[in-house]
Amino acid sequence: MSGTLPKINPTQTAAWSALEDLFEAQKDWSMADLFLNDPGRAKNFSTELDGFYLDYSKNLMSPEVRTQLLVLADEVQLKKAIEAQFSGALINETEGRAVGHAQLRNFEQMPDEVAQTLARIKSFVTQVGNGDFKGHTGLPITHVVNVGIGGSDLGPDMVCEALAHYQNHLELRFVSNVDGDHLHEQLKGLPVEQTLFVIVSKTFTTQETLTNAQTIRGWFLSQAPESAIANHFAAVSTNLEAVGAFGIDSNLVFPMWDWVGGRFSLWSAVGLSIALSVGYDHFEDLLRGAHAMDQHFTETDFDQNMPVLMALVSVWYNNFYGAESECIVPYSQYLSKFVAYLQQGIMESNGKYVDRNGDVVNYQTGTVVWGSTGTNAQHAFFQLIHQGTKLIPADFIAFKACLYGEQDHQNKLLANCLAQTQALMSGTRGQDIESPYRVFTGNKPTNTLLIDRLTPNRLGGLIALYEHKLFVQGVIWNIFSYDQWGVELGKKLAVNVLGSIESSDGLDDSNQANNPGFDPSTTELLRRIKR
Ligand code: F6P
């Protein structure tokens, strides 16, 4: 097992200084000139692997800049960091855990407990799918409700939506928010006798999930006997004791492990709803696609390594151009939940201001990630990317082939995707335009990721690509990407606030017992809520 992560301040490297100099010298260069200077740029600034083609030529990046970014990757010992993660070292140091999500999809070297769990998932989803597993009155399951939040919701929900083309007859629903109105909307019209609830919580202590699960349990028991729980509730968790206390039959409890982070867990039994929705074979194919990306990531030289290159491009804008956000625009409506999914992965991982030495950083770390599907986004926020005052690097993701053979639509989808990246780069440069309102300055950076077809395998690869990209960025920024202490304080304070909301006592500024440390603004808001 290789040791822990290196702890190198990136700004102290020679490459960082070289990049600062290059930025000063080249910041006014235009992309058009970069193409003129290098007729082979489109090819030289691209890389591919089975089914994936990344064109990162439309960036404000000269060959010298790329060279220095690659030197930076070496100076922060990225190779060593990757080896540490893949060897099972405890690189999530602040929680004392290994980071093993890639092991969940490595069929050649799969830990026994993972293989056994996958076998159980296969058997269960096959029985539910073919109707052998029945509800308490003997009817087959027709509806599945995934109850979880964060990583226990976003991944399964996003993938089920993305793979809708491959779905079987089961209707999937997702309950995540503790918003009771939404819960009731999701329960509306559910056939109690034919519904399976999958309660997903790594910790089984998450307020939202446990509240929803209890309310669903009560709703269910108002229409079915207690013994029916065994036919209608499954769970996924590391906390088997709490699951047992909830009353879920141990046959329908699927384990996960503390070496799998919530936001990287869809590859584990957290993906049970995915496997139910698209069948086990497609689920396995998703895992195999991710593994292919893992192999590319661990085995390919950095100058051809897709996640590494995407990370370096992003670092260049974040740390030298001062770009605060980056936009992701998939040209596929199937990926309508992809950005929300990535927001947790990327921002929960890299939103950190303390480095791996425990020091406060004096440079920017995690980017703000946002976006939505094209072409819809073109009719919404693209105006700001084209003519606004902010630099917003964007990833355009497109699939070469569509799934239903609507070629006319597909041609238009792809035409829009390519046209936008061209417009963002070239603007109206060279054209004589009278009205300043009609001028496009261009020089807006984009990556284009062209994927052959939206299959479970390619989706797995795409997700893994962004997982590795965020890890590389975290390594460069010298932060711990795999913890998430920043979510704790709000959770803790919510307990106090809830206590006050539920208490019949009024809030009095002078009465500290009834006002356990709330600031004046919160106190006033609470007063109005309780009034
Ligand atoms: O609050 C953040 C978080 O801890 C995420 O990291 C996690 O995915 C989510 O809550 C849900 O946690 P659990 O699966 O333990 O319910």
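Heads up: these notes are all about the structure in this document. (Residues numbered from 1 in each chain as written. Predicted model: local features only at pLDDT ≥ 70, side-chain atom pairs only at ≥ 80, totals over all residues. Heavy atoms only, no water.)

1. Remarks on the packing of helix α5 (residues 78-86) against helix α18 (residues 456-476)
- The N-to-C vectors of α5 and α18 enclose an angle of 125°; their axes lie 10 Å apart at closest approach. One finds that α5 runs oblique with respect to α18. As α5 runs across α18, the sense of the crossing is right-handed. Residues L78, A81, I82, Q85 and F86 of α5 form the contact with α18, whose own contacting residues are H468, F471, V472 and V475.
- Tallied by class, residues from the contact of α5 with α18 come to 7 nonpolar, 2 polar and no charged. (Axes fitted to C-alpha atoms, helices over the stretch in contact; angles between N-to-C directions. Helix = DSSP H or I, 4+ residues; strand = E, 2+ residues; numbered from the N terminus. Parallel < 35°, antiparallel > 145°, perpendicular 65-115°, else oblique. Left-handed = near helix turned anticlockwise from the far one by under 90°. Contact = heavy atoms within 4.5 Å. Nonpolar A, V, L, I, M, F, W, Y, C, P; charged D, E, K, R; others polar.)

2. Looking at the packing of helix α7 (residues 154-162) against helix α15 (residues 338-350)
- Where α7 contacts α15, the axes come no closer than 9 Å and their chain directions differ by 155°. With respect to each other, α7 and α15 are oriented roughly antiparallel. Where α7 crosses over α15, the handedness of that crossing is left-handed. On α15, the residues that touch L154, G155 and M158 of α7 are F338, A340, Y341 and Q344.

3. Some remarks on the layout of surface pockets
- Of the voids in this model, the largest pocket is the one considered here, and its volume is about 970 Å³.
- As for the largest pocket, its lining consists of 37 residues, of which T203, T206, V487, E488 and K491 are closest to the centre.
- Only α9 (207-221), α15 and α19 (488-502) provide two or more residues apiece to the lining of the largest pocket.
- Per-element accounting of the lining of the largest pocket gives the leading share, 4 residues, to α19.
- The residue inventory of the lining of the largest pocket, partitioned by class, reads 12 nonpolar, 16 polar and 9 charged. (1 Å grid on protein atoms, 1.4 Å probe; cavity = no way out; pocket = protein on both sides within 12 Å on 5 of 7 lines; lining within 4 Å. Points joined across faces, edges and corners; volume = space filled by probe spheres on them.)

4. Structural notes on the sheet that holds strand β6 (residues 233-237)
- The strand order β4-β3-β5-β6-β7 describes an open sheet built from 5 strands, whose pairing is parallel. Of all strands in the sheet, those with a lone pairing partner are β4 (171-175) and β7 (253-255), marking the two edges. Averaged over all neighbouring strand pairs, the angle between strand axes comes to 20°, with direction disregarded.
- Summarising the sheet, β6 and β7 pair through 3 bridges and their orientation is parallel. Note on β7: the bridge partner recorded for V236 is F254.
- Packed on one face of the sheet, helix α8 (residues 180-187) meets β4 and β5 (195-200) and runs near 170° to β4.
- In this fold α9 packs onto β3 (143-147), β4, β5 and β6, with an angle of close to 155° to the strand it touches most, β5. (Pairing = 2+ DSSP bridges.)

5. Concerning empty space enclosed by the protein
- Inspection of the entire model under this criterion finds 5 cavities of 30 Å³ or more.
- Of the volumes computed, that of the largest cavity is approximately 80 Å³.
- Put simply, the parts of the chain that give the lining of the largest cavity at least two residues each are α14 (306-321), β8 (325-330), β10 (394-401) and β11 (446-453).
- The dominant element in the lining of the largest cavity, judged by the number of residues it contributes, is α14, at 4 residues.
- Taken together, the residues of the lining of the largest cavity sort by class into 7 nonpolar, 4 polar and 3 charged.

6. Things to note about a nonpolar patch on the surface
- On the surface, Y353, V354 and V360 cluster together into a nonpolar patch covering about 310 Å² of accessible area.
- Exposure remark for V354: the relative accessible area of 32% places this residue in the partly exposed category. (Patch = residues over 30% accessible without salt bridge, like charges linked within 9 Å, V, L, I, M, F, W, Y side chains within 5 Å. Areas by Shrake-Rupley, 256 points an atom, 1.4 Å probe, with all protein chains shown as cover. Salt bridge = Lys/Arg side-chain N within 4 Å of Asp/Glu carboxyl O. Buried < 20%, exposed > 50% of the residue type's maximum accessible area, 1.4 Å probe, protein only.)

7. As for the site of the ligand
- The local shell around the ligand holds 14 residues, among which S152, S201, T203, T206 and E348 are the closest.
- The side chain of S201 places a nitrogen or oxygen atom 2.6 Å from an oxygen atom of the ligand.
- The side chain of T203 places a nitrogen or oxygen atom 2.6 Å from an oxygen atom of the ligand.
- With the chains in place, 86% of the 400 Å² that the ligand exposes on its own is no longer accessible.
- Spatially, the ligand is embedded in the largest pocket.
- Per-class residue counts for the shell around the ligand are 2 nonpolar, 9 polar and 3 charged. (Near = heavy atom within 4 Å. Polar contact = N/O pair within 3.5 Å; in protein donor to acceptor, adjacent residues only side chain to side chain. Sits in = over half its atoms within 2 Å of the grid points.)

8. Some points on the pairing of β11
- Relative to β11, strand β2 (residues 52-55) runs antiparallel, the two being bridged by 4 bridges. Paired with D55 across the two strands is T448, which belongs to β11.
- Sheet topology note: the β10/β11 ladder contains 7 bridges and is parallel. Bridge pairing in β11 links A401 to R453.

9. Some thoughts on the nonpolar core
- Ranked by size, the top nonpolar core spans 121 residues in total, and within it L276, W316, L459 and L462 carry the most contacts.
- Formed jointly, this core draws a minimum of three residues from each of two domains, domain 1 (10-99 + 292-429 + 439-476) and domain 2 (109-285).
- Among all residues touching L276, those that are not within four sequence positions of it are F124, V125, V128, V144, N168, L170, L196 and V198.
- Counting 23 residues, the second largest nonpolar core, distinct from the first, contains V147, F220, I248 and V253. (Core = buried A, V, L, I, M, F, W, Y, C linked by side-chain atoms within 4.5 Å. Domains from an automatic or database assignment.)

10. Considerations on the side chain of S314
- Among the secondary structure elements, S314 is positioned in helix α14.
- Given a relative accessible area of 3%, S314 falls into the buried group.
- Of note is the side chain of S314, whose polar atom sits 2.8 Å from the side chain of E326.
- Apart from residues no more than four positions distant in its own chain, S314 is found in contact with E326, T367, K469 and Q473.

11. Comments concerning the side chain of N92
- Tracing the chain through its elements places N92 in the loop between α5 and α6 (112-130).
- Looking at N92, its side chain comes within polar contact range of the side chain of E95, at 2.7 Å.
- Excluding its chain neighbours within four sequence positions, the residues that come into contact with N92 are R97, V99, Y482 and D483.

12. Here's the deal with the pattern of salt bridges
- On inspection of all chains with the given rule, the structure shows 22 salt bridges.
- Note that D408 is salt-bridged to K412, the shortest N-O span being 3.2 Å. Taken as a pair, D408 and K412 lie in helix α17 (residues 407-426) at a separation of 4 residues, close to a single helical turn.
- Of the charged contacts, one joins E524 and R527 as a salt bridge, the two residues approaching to 3.1 Å between their closest N and O atoms. With E524 and R527 both in helix α20 (residues 520-530) and 3 residues apart, the pair spans about one turn of that helix.
- Salt bridges here are not isolated pairs; linked through shared partners, they connect D50, D452 and R458.

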